[in-house]
Amino acid sequence: MSKLKYLNVFVAASGATAMAIGIIIGVKGAIAGEGAKSWISGLSLMLGGVGLQTIALDRLLKTQIEEQIDRTLEERLKAKPKACKGCRNFHGIEYGKVKLVCAIHPHGIEGDTCSDHEKFPSTKKLTESN
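Residues numbered from 1 in each chain as written. Predicted model: local features only at pLDDT ≥ 70, side-chain atom pairs only at ≥ 80, totals over all residues. Heavy atoms only, no water.

Okay, empty space enclosed by the protein next. If a probe as big as a water molecule is rolled over the atoms, it shows which places are left empty. By the definition in use, this model includes one cavity of 30 Å³ or more. Around the largest cavity, the lining is made up of 14 residues, and of these Cys84, Cys87, Cys102, His105 and Cys114 lie nearest the centre. Tallied by class, the residues present in the lining of the largest cavity amount to nine nonpolar, four polar and one charged. (1 Å grid on protein atoms, 1.4 Å probe; cavity = no way out; pocket = protein on both sides within 12 Å on 5 of 7 lines; lining within 4 Å. Points joined across faces, edges and corners; volume = space filled by probe spheres on them. Nonpolar A, V, L, I, M, F, W, Y, C, P; charged D, E, K, R; others polar.)

Have a look at this one:
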């Protein structure tokens, strides 16, 4: 687990702790009849705790999603056949257990070269045409 994940877990735990303390203060104040001051203190801690938990869990989920995206991209790059590198027709996604390499050669080609290989247009050509 990365340091950022640990930090998010710590912040979420701190939020839960603040929320629990806020509940205790609010309930104790209500039982003892201390009035609005204890209720406001308790409510403030509860809301602060919920806010911390929300922020931490949001960041934790975003981190996990980014890691899944990175793993998927790495797998796709590793699985790219040599003849397909740099080709704009490459697809490379598995459907079920069948990998669709490209629309022209759905199962790929044998060898290191492809007669249908198309490079991506350079960015200079794209900007010059506008």
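Here the focus is the side chain of Asn8. With respect to the helices, strands and loops of the structure, Asn8 is situated in helix α1 (residues 3–32). In this structure, Asn8 is in contact with Ala56, Arg59, Leu60 and Thr63, ignoring residues within four places of it in sequence. (Helix = DSSP H or I, 4+ residues; strand = E, 2+ residues; numbered from the N terminus. Contact = heavy atoms within 4.5 Å.)

All right, on to a negative patch on the surface then. On the surface, Glu66, Asp70, Glu74, Glu75 and Glu94 cluster together into a patch of negative charge. A total of four residues in the negative patch trace back to one element, the largest contributor, which is helix α2 (residues 36–78). The topology assignment puts Asp70 in helix α2. Residue class for Asp70 comes out partly exposed when judged on its relative accessible area of 43%. (Patch = residues over 30% accessible without salt bridge, like charges linked within 9 Å, V, L, I, M, F, W, Y side chains within 5 Å. Areas by Shrake-Rupley, 256 points an atom, 1.4 Å probe, with all protein chains shown as cover. Salt bridge = Lys/Arg side-chain N within 4 Å of Asp/Glu carboxyl O. Lys, Arg positive; Asp, Glu negative; His and termini not counted. Charge placed at Lys NZ, Arg CZ, Asp CG, Glu CD. Buried < 20%, exposed > 50% of the residue type's maximum accessible area, 1.4 Å probe, protein only.)

The next subject is the state of the cysteines. This structure, assessed with the given rule, holds zero disulfides. Cys84 forms no disulfide, and the closest cysteine sulfur to it belongs to Cys102, at a distance of 6.1 Å. (Disulfide = S-S within 2.5 Å.)

Evaluated as defined, the whole model comprises one salt bridge. Residues Asp58 and Lys62 are paired through a salt bridge, measuring 3.3 Å at the closest nitrogen-oxygen approach. A residue pair is termed a helical-turn pair when its members lie 3 or 4 positions apart in one helix, as Asp58 and Lys62 do in helix α2 at four residues. Take Asp58: its relative accessible area is 38%, and that puts it in the partly exposed class. Lys62 gets classed as partly exposed once you look at its relative accessible area, which sits at 48%.

A few words on α2. With 43 residues, α2 extends 63 Å between its outermost C-alpha atoms, agreeing within 8% with the 63 Å of an ideal straight helix rising 1.5 Å per residue. Among all positions of α2, only Ser38, Gly42, Gly49, Ala56, Leu60 and Thr63 are buried. Check the buried side of α2 and you find it contacts α1. (Expected span 1.5 Å × (residues − 1).)

Bringing the pairing of strand β2 (residues 98–102) into the picture now. Alignment of strand β1 (residues 90–95) against β2, held across four bridges, turns out to be antiparallel. Directly across from Ile93, in β2, lies its bridge partner Leu100. Following β1, the chain reverses through two residues before pairing antiparallel with β2; Gly96 in that reversal takes a positive phi of roughly 70°. (Pairing = 2+ DSSP bridges.)

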